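Structure at a glance
Here is how the chains run, residue by residue.
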There are 2 protein chains.
Amino acid sequence: MILLDGKKLADKILAELKQRVFESPKKLRLAVIVVGDDPVVRQFIERKQKAAQNIGVDTRVYPFPDSMSTSELRARLAEIVHEEKNTGVIVQLPLPEKINSQYILNGILPSKDVDLLSARSLGLLAAGRSHILPPVAGAVKALLEEYQIDYHAKKIAVVGAGQLVGKPIVLWLLNEKATFSVIRSSTLNPGEILRNSDIIITGIGKPNFLTGDMIKEGVVIIDAGTSESAGKIVGDVDPDSVAAKAAYLTPVPGGVGPLTVAILLKNLVSRARRG
Amino acid sequence: MILLDGKKLADKILAELKQRVFESPKKLRLAVIVVGDDPVVRQFIERKQKAAQNIGVDTRVYPFPDSMSTSELRARLAEIVHEEKNTGVIVQLPLPEKINSQYILNGILPSKDVDLLSARSLGLLAAGRSHILPPVAGAVKALLEEYQIDYHAKKIAVVGAGQLVGKPIVLWLLNEKATFSVIRSSTLNPGEILRNSDIIITGIGKPNFLTGDMIKEGVVIIDAGTSESAGKIVGDVDPDSVAAKAAYLTPVPGGVGPLTVAILLKNLVSRARRG
């Protein structure tokens, strides 16, 4: 089994971006909206800040208390989006349960929406008219291309259809002319589809969900799941269990995660160029 | 094999709509933009006009010559969309090759977009925030519900991912928490997935594409394909070939077609109520 080195590819992409940022006459800034104070979330934000800093992009974190209402947050978001210094704006998910996430995300103008989570960005993506990809989709695409794994004539399984992984992956694959299946928690016998898949992309946040008995020989596994287990970030795959059968696997950490951050910053640079 | 009577269900929906239209203080009008003069397309438009007339909804067809450019058409569309009398606006597809279809469709305001083909409508749909469904998705949903065919715990195959059938079906299924696979012309061995599917929805416009050897016993087949064969509208399924194995099949004509028209008009009535 070969480990797909997302970290290495991320560093390569970031080095290219650094050069582009250096040549850009405009100072770029990523605005990060955070509600509440979760240590795991803080860790994710710190990684984005660090990567941005390394390539010469500013970040500004806008922290808000858990008590924030949907309408207050949307009003503050509007100000942040219209602040000229912010070239890209992201909202760190998940937001507290009581907040209507999609309504908040819809407040991000497409020109500053580097995560592609607003309804307008999703629409352009679904219509095949987006110039950039959602970070996780861009990360998976970059990784498959880097390792020259053709995915057009393969059977792809997408596990989960959530806002951050499954849905953006599906919208990307729809326009890639790919053959794919969507599996979710309601799927009665996921192994039946998984054992027939050449590429498996997981994004459900369930540690050790994918095991060796659910896959076929030679499968490519992209683990885009993230959950916390004993203070560590883990994926959806049990690496030891799949090792004997899988041809490729993204490790967690060091797989999809750092690449997603790199593509987010690539989106920021692309958006700024067009804006 | 039981034929799923789309025509009968369409008539039932239209009868309910007729009552709602009768009670509405506002006169409703569907604007239909047509480029070129194709006899099959004319037939589709006539069906929409007839159904609308039967429930007391006006239609106005705006015909344009094949020579129309994208920018001219978009400019005319803007006027038609802003005409107050038009409560809903649709663009009859396909448009001539040289016209950028998605750019034209994006000119329809969400409040008048009863076909849900603009990027903004697709985005609201993808985000799970649309109050109405694309006509073909609404038709399939209505048919499955009418015949009490549960589709949530089943494996669904969607054949084709085109603008008019496959893509809207996928965006609907994404938010329905359904398990589904997307098969397209690039899929190497479609039968492998199809023979493992409980429900098959086709929308590719290839007569006799789906045959008995590609399906399993007891499958539900929804034929949303339309093509012309010897002057007749035909679907994607070879009905004689699947008859011995399929539990249900939508006939063509009289299946998804008339229902799609009924749901289009239902969308018009719903949009007008909210507007």
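Since the structure is predicted, the reported quantities are computational estimates derived from the model, not experimental observations. (Residues numbered from 1 in each chain as written. Chains lettered and ligands numbered in written order. Predicted model: local features only at pLDDT ≥ 70, side-chain atom pairs only at ≥ 80, totals over all residues.)

Comments concerning the overall build of chain A
We count it as follows: Here a helix means four or more residues in a row that DSSP labels H or I, a strand means two or more in a row labelled E, and each is numbered from the N terminus. Radius of gyration: over C-alpha atoms. The globule rule applied is 2.2 Å multiplied by the number of residues raised to the 0.38 power. Here the C-beta atoms are placed from the backbone, and a residue counts as buried if at least 20 other C-beta atoms lie within 10 Å of its own, exposed if 12 or fewer do, and partly exposed otherwise. C-beta atoms are first placed from the backbone for all residues, and any pair lying within 7 Å is then listed as a contact.
Helices and strands together make up the secondary structure of chain A, namely 10 helices and 11 strands. Over its C-alpha atoms chain A spans a radius of gyration of 18 Å, differing by no more than 12% from the 19 Å that the globule rule assigns to 275 residues. On the principal axes, the C-alpha backbone points of chain A span a range of 50 × 45 × 40 Å. Within chain A, the proportion of its 275 residues that are buried is 49%. For chain A, restricting intrachain contacts to residue pairs at least 6 apart in sequence, the fraction spanning at least 24 positions comes to 71%.

A few points about the relation of the copies chain B and chain A
The following threshold applies: Only residues with pLDDT of at least 70 in both copies contribute their C-alpha atoms to the least-squares superposition of the copies.
Here chain B sits on chain A after a turn of 180° about the axis and a move of 0.0 Å along it, with an RMSD of 0.0 Å. What the rotation and shift describe, once combined, is the action of a two-fold rotation axis.

Some details on the interface of chain B and chain A
For the record, the criterion: Three classes are used, and their members are as follows: Ala, Val, Leu, Ile, Met, Phe, Trp, Tyr, Cys and Pro are nonpolar, Asp, Glu, Lys and Arg are charged, and the others, Gly among them, are polar. Only strands that DSSP links by at least two bridges are regarded as paired with each other.
Contacts between the two partners involve 28 residues from chain B, matched on the other side by 28 residues from chain A. Sorting the residues of the side of chain B that touches chain A by element identifies α5 (119-126), α7 (166-175) and β6 (179-183) of chain B as the ones contributing at least two each. Among the elements that take part in the side of chain B that touches chain A, α5 of chain B stands out by supplying 6 residues, more than any other. Here the side of chain B that touches chain A is built from residues that sort into 14 nonpolar, 8 polar and 6 charged. Sheet topology note: the strand β6 (residues 179-183) of chain A/β6 of chain B ladder contains 3 bridges and is antiparallel. In the strand pairing of β6 of chain B, S181 of chain A is matched with S181 of chain B.

A look at the environment of V41 of chain A
Here V41 of chain A is to be found in helix α2 (residues 39-54). For the pair V41 of chain A and Q92 of chain A, spaced 51 residues apart in the sequence, the C-alpha separation amounts to 7.7 Å.

Details of the nonpolar core
Defined as follows: Any set of buried Ala, Val, Leu, Ile, Met, Phe, Trp, Tyr and Cys residues joined through C-beta atoms within 7 Å is what this text calls a nonpolar core.
If you look at the biggest cluster of nonpolar residues, it comprises 182 residues, and the most contacted ones within it are I200 and L265 of chain A together with V140, I200 and L265 of chain B. The residues contacting V140 of chain B, other than those within four sequence positions of it, are I169, I201, I222, A224 and V256 of chain B.

With respect to the domain arrangement of chain A
Inclusion rule: Residue ranges assigned to each domain were obtained from an automatic or database domain assignment.
Domain boundaries in chain A define domain 1 (25-109) and domain 2 (135-257). On a C-alpha basis, the centres of domain 1 of chain A and domain 2 of chain A stand 27 Å from each other.

Some thoughts on α7 of chain B
Residues and elements named next belong to chain B. Taking burial as the measure, the 10 residues of α7 include 9 buried ones, the bulk of the element. Within the sequence span of α7, burial applies to G166, K167, P168, I169, V170, L171, W172, L173 and L174. Positive backbone phi, at 55°, marks K177, one or two positions downstream of α7.

Topic: the sheet that holds strand β8 (residues 220-223) of chain B
For clarity, the threshold we go by: In this analysis, axes come from line fits to C-alpha atoms, helices being fitted only over the stretch in contact, and the angle between any two N-to-C directions falls in the range 0 to 180 degrees.
The sheet built from 12 strands is open, its strands ordered β1(A)-β11(A)-β8(A)-β7(A)-β5(A)-β6(A)-β6(B)-β5(B)-β7(B)-β8(B)-β11(B)-β1(B) with mixed pairing. The sheet is open, and its two borders are formed by β1 (2-3) of chain A together with β1 (2-3) of chain B, each paired with just one other strand. As judged from the 2 bridges shared by β1 of chain A and strand β11 (residues 248-249) of chain A, these two strands associate in the parallel manner. Looking at the pairing, I2 of chain A lines up with Y248 of chain A of β11 of chain A. Together, β5 (155-159), β6 and β7 (199-202) of chain A form the strand contacts of helix α7 (residues 166-175) of chain A, whose direction differs from that of β5 of chain A by roughly 155°.

Examining the sheet that holds strand β4 (residues 88-91) of chain B
Residues and elements named next belong to chain B. The parallel open sheet is built from 3 strands, whose spatial order is β3-β2-β4. The outermost strands of the open sheet, each flanked by one partner alone, are β3 (58-64) and β4. On average, adjacent strands in this sheet sit at an angle of 20° to one another, irrespective of strand direction. Of the strands in this sheet, β2 (29-35) and β3 are in contact with helix α2 (residues 39-54), which crosses β2 at around 175°. Sitting on the sheet, helix α3 (residues 70-82) touches β2, β3 and β4, and the angle it makes with β2 is about 170°.

Here's the deal with the packing of helix α6 (residues 135-146) of chain A against α7 of chain A
Residue and element names in this part refer to chain A. Note the threshold: The labels follow the angle: roughly parallel below 35 degrees, roughly antiparallel above 145, roughly perpendicular from 65 to 115, and oblique for the rest. For any pair of crossing helices, the crossing counts as left-handed if the nearer helix is rotated counterclockwise from the farther one by less than a right angle, and right-handed if it is rotated clockwise.
Viewed as axis vectors pointing N to C, α6 and α7 meet at an angle of 60°, and their least axial separation amounts to 8 Å. One element, α6, and the other, α7, form an angle in the oblique class. In this structure, α6 meets α7 at a crossing whose hand is right-handed. Across the interface between the two elements, V136, A137 and V140 of α6 pack against P168, I169 and W172 of α7. For the contact of α6 with α7, the residue count by class is 6 nonpolar, no polar and no charged.

Details of unusual backbone geometry
Residues L93 of chain A and P94 of chain A are joined by a peptide bond in cis, for which omega reads -5°. Note the cis peptide between V252 of chain B and P253 of chain B, where omega equals 0°. In this structure, P253 of chain B sits in the loop between β11 (248-249) and α10 (256-274). Here Q148 of chain B, not a glycine, exhibits a phi torsion of approximately 50°, which is positive. Looking at the secondary structure, you find Q148 of chain B in the loop between α6 (135-146) and β5 (155-159). Of note, K177 of chain B is a non-glycine position whose phi angle comes to about 55°, a positive value. With respect to the helices, strands and loops of the structure, K177 of chain B is situated in the loop between α7 and β6.

Details of helix α5 (residues 119-126) of chain A
Burial analysis of α5 of chain A places 8 of its 8 residues in the buried class, the great majority of the element. When α5 of chain A is considered as a whole, its buried residues turn out to be A119, R120, S121, L122, G123, L124, L125 and A126 of chain A. Summarising the contacts, the buried residues of α5 of chain A are in contact with α4 (101-105) and α7 of chain A together with α5 and α7 of chain B. In the segment just after α5 of chain A, G128 of chain A is the residue with positive phi, at about 75°.

Observations concerning the pairing of β5 of chain B
All names here are of chain B. With 5 of its 5 residues buried, β5 lies for the most part within the structure. Burial along β5 is two-sided: K155, A157 and V159 facing one way and I156 and V158 facing the other are all buried. Relative to β6, β5 runs parallel, the two being bridged by 5 bridges. Bridge pairing links K155 to T179 in β6. Note that β5 and strand β7 (residues 199-202) share 4 bridges and pair parallel.

Considerations on the environment of F209 of chain A
All names here are of chain A. Inspection of the secondary structure assignment puts F209 in the loop between β7 and β8 (220-223). The exposure class assigned to F209 is partly exposed, which follows from the 19 C-beta atoms found within 10 Å. Separated by 16 residues in sequence, F209 and G225 have C-alpha atoms that sit 9.8 Å apart. Ignoring sequence-local partners within four residues, the contact set of F209 consists of T202, I204 and D236.

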